[in-house]
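Read off the chains here:
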Amino acid sequence: MDGSLIRNFSIIAHIDHGKSTLADRFLQVTGAISERDFRNQMLDDMDLERERGITIKASAVRLNYKSKDGSAYELNLIDTPGHVDFTYEVSKSIGACEGALLVVDAAQGIEAQTVANLYLAMEHNLVIIPVINKVDLANAEIEKVKHEISDILGLEKSDILLASAKLGVGIEEILEAVVKRIPAPKGDESNALQALVFDSKFDAYKGVIILLRLMNGVLKKGTRIMMMSSGKTYDILEVGIFTPRPKQVNELKCGEVGYIACNIRDAKEVSVGDTVTDADNPAVMALPGYKKVRPMVFSGIYPVNSADFPALKDAIDKMRLSDASFVYESESSASLGMGFRCGFLGLLHMEIIQERLEREFDLNLIITTPSVIYKITKTEGEVIEVDNPMKLPSPGETKSVEEPYVRAYMILPKEYIGSMLELSESKRGIYVSTQYLDDKRAQIVYDIPLAEVIVDFYDKIKSATRGYGSLDYELLDYRPTKIVKLDILINQEVCDALSSIVFKDRAYAKGKAIIEKLKENIPRHLFQIILQAAIGGQVIARETIKALGKNVTAKCYGGDITRKRKLWEKQKEGKKRLKQFGKVEIPQEAFLAALKTA
């Protein structure tokens, strides 16, 4: 294919603005998929993506389009996620493109993630084609949204295209704009091979499948390649493209997007952002790659059955391969046995990883209370980073503590401003600004501790604004705070899986809530169970689960009372011994309920 006829582009938008539906229409219009094989959310491979109606992983597909100018173009489309937790997937896709379709809902207008994704694309100097989608909706406000795109995003009104992905309206016009406005990829086939690894996945038969975009040179089956970050070499066994199904080809040329398979069995040997080059004629320099992403939320993942630990280790290795933003290290817990301390980009990311591990690898897991990274200055001056309550130094060793703050941007209808200000203040937020976007909507900006955002802030925004509010946030800085380690004791023994780091003023309420939830969910035993929440040596909340009563005198009909007393004394001694040696059986439901409360 002539390089001047190649176009690489991605679709970016806020969640639920119709990216995947638009991608579906491109597949149908270009004939990439037959009507018989078509289904909605064609590029969303995971069951989880289709069930939730969201895109989690970016997908790459090649489309062949015959333009009105008579030329046959090769379009490489990368569909991206829209949720704030998956911004890293968006940034990877953008790095492999020259242009982007910015999709905006005709009824919802510009939302927080629309702005965030546009800035990502502008950082990479991409050509932006604004598209107003869902123009068929009864409550569509096309002129108002055009005005927003022009005023807020600074794009020309004349460049805006109108479409209804659901009805297939305006699809041809968008494809024509892609071939006319987005430039052909730069680079030269005669140069040394340089290919950017923008994603990877694991196949049980072929090993690691590497998705890449060729910046220079040519890739052929049998070529001996080298990963520039590690220096390791491999022979290419298969070269292919996604149409959207995998299709083997003889070669990939400069500017094209496709995949290679080299029978790599160790997931750790491939890293996203690496440069693939020819081992015999290597490139002088590696490509810039991607900015290393730092996880924001940490949590422990443990198998319910400790015998499943090796299976969990294998599953987590493979999960890391397809998700570069997911990090982990092994750890052990006295209550739960061996497991992993894992880092995530946000709470939805954590939830998705858990569901994928359980579904794709048939595992039964327990997730501990999520935490953020605290910076602690010890009395001797050493600064340490702590994300695990078990590693928190004692108050006597601690000089000062800092916690991460984020700048939260919330876009919402102006009638909900009061409830949003109230919610943000309750989350220890510091007010920054309010900007009215038009006569109906406003953007509120707050600086909020990340620990308050990760738990339920997004859900509460949706509740407070009846689903119309949207959130985007970026890590700001670290600020002084007062935290304590909240321990949960069951019959005077600390249950480390339920320990958490909490803001000092919230400790009592949180401890009480966890204890009450445990009392509801732990069944009664033959002995009394004492549940306590404690900070250091001070108990701040307590509940008691009474022992099951057994009528030991049921067989005694009348007779002397001394015989009954003897039986009661014997029972009392037995219960005392049980309380001393008996182990409390905590069902998984009780753990999960307590962790949810935490």
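Residues numbered from 1 in each chain as written. Predicted model: local features only at pLDDT ≥ 70, side-chain atom pairs only at ≥ 80, totals over all residues. Heavy atoms only, no water.

So, on to the packing of helix α9 (residues 417-426) against helix α10 (residues 450-464). For the pair α9 and α10, interaxial distance at closest approach is 10 Å and the crossing angle is 160°. Judged by the angle between their axes, α9 and α10 are roughly antiparallel. The two elements α9 and α10 meet at a crossing, and its hand is right-handed. The residues of α10 that touch α9, namely those facing S419, M420, L423 and S424, are F457, K460, I461 and A464. Here the contact of α9 with α10 is built from residues that sort into five nonpolar, two polar and one charged. (Axes fitted to C-alpha atoms, helices over the stretch in contact; angles between N-to-C directions. Helix = DSSP H or I, 4+ residues; strand = E, 2+ residues; numbered from the N terminus. Parallel < 35°, antiparallel > 145°, perpendicular 65-115°, else oblique. Left-handed = near helix turned anticlockwise from the far one by under 90°. Contact = heavy atoms within 4.5 Å. Nonpolar A, V, L, I, M, F, W, Y, C, P; charged D, E, K, R; others polar.)

Time to look at the pattern of salt bridges. Between side chains of opposite charge, a pair can form when the charged atoms approach closely. The final tally for this structure, using the stated rule, is 30 salt bridges. Between K134 and D105 there is a salt bridge, with the nearest N and O atoms lying 3.2 Å from each other. Placement of the pair is K134 in the loop between β5 (127-133) and α5 (142-152) and D105 in strand β4 (residues 99-105), with a sequence separation of 29 residues. Here K517 makes a salt bridge to E520, at a shortest N to O gap of 3.9 Å. Of this pair, K517 and E520 both sit in helix α11 (residues 507-521), separated by three residues, roughly a single helical turn. Note on K517: relative accessible area 28%, which makes it partly exposed. What makes E520 exposed here is its relative accessible area of 59%. A network of salt bridges, in which partner residues are shared, links E141, K144, E148, K440 and R441. (Salt bridge = Lys/Arg side-chain N within 4 Å of Asp/Glu carboxyl O. Buried < 20%, exposed > 50% of the residue type's maximum accessible area, 1.4 Å probe, protein only.)

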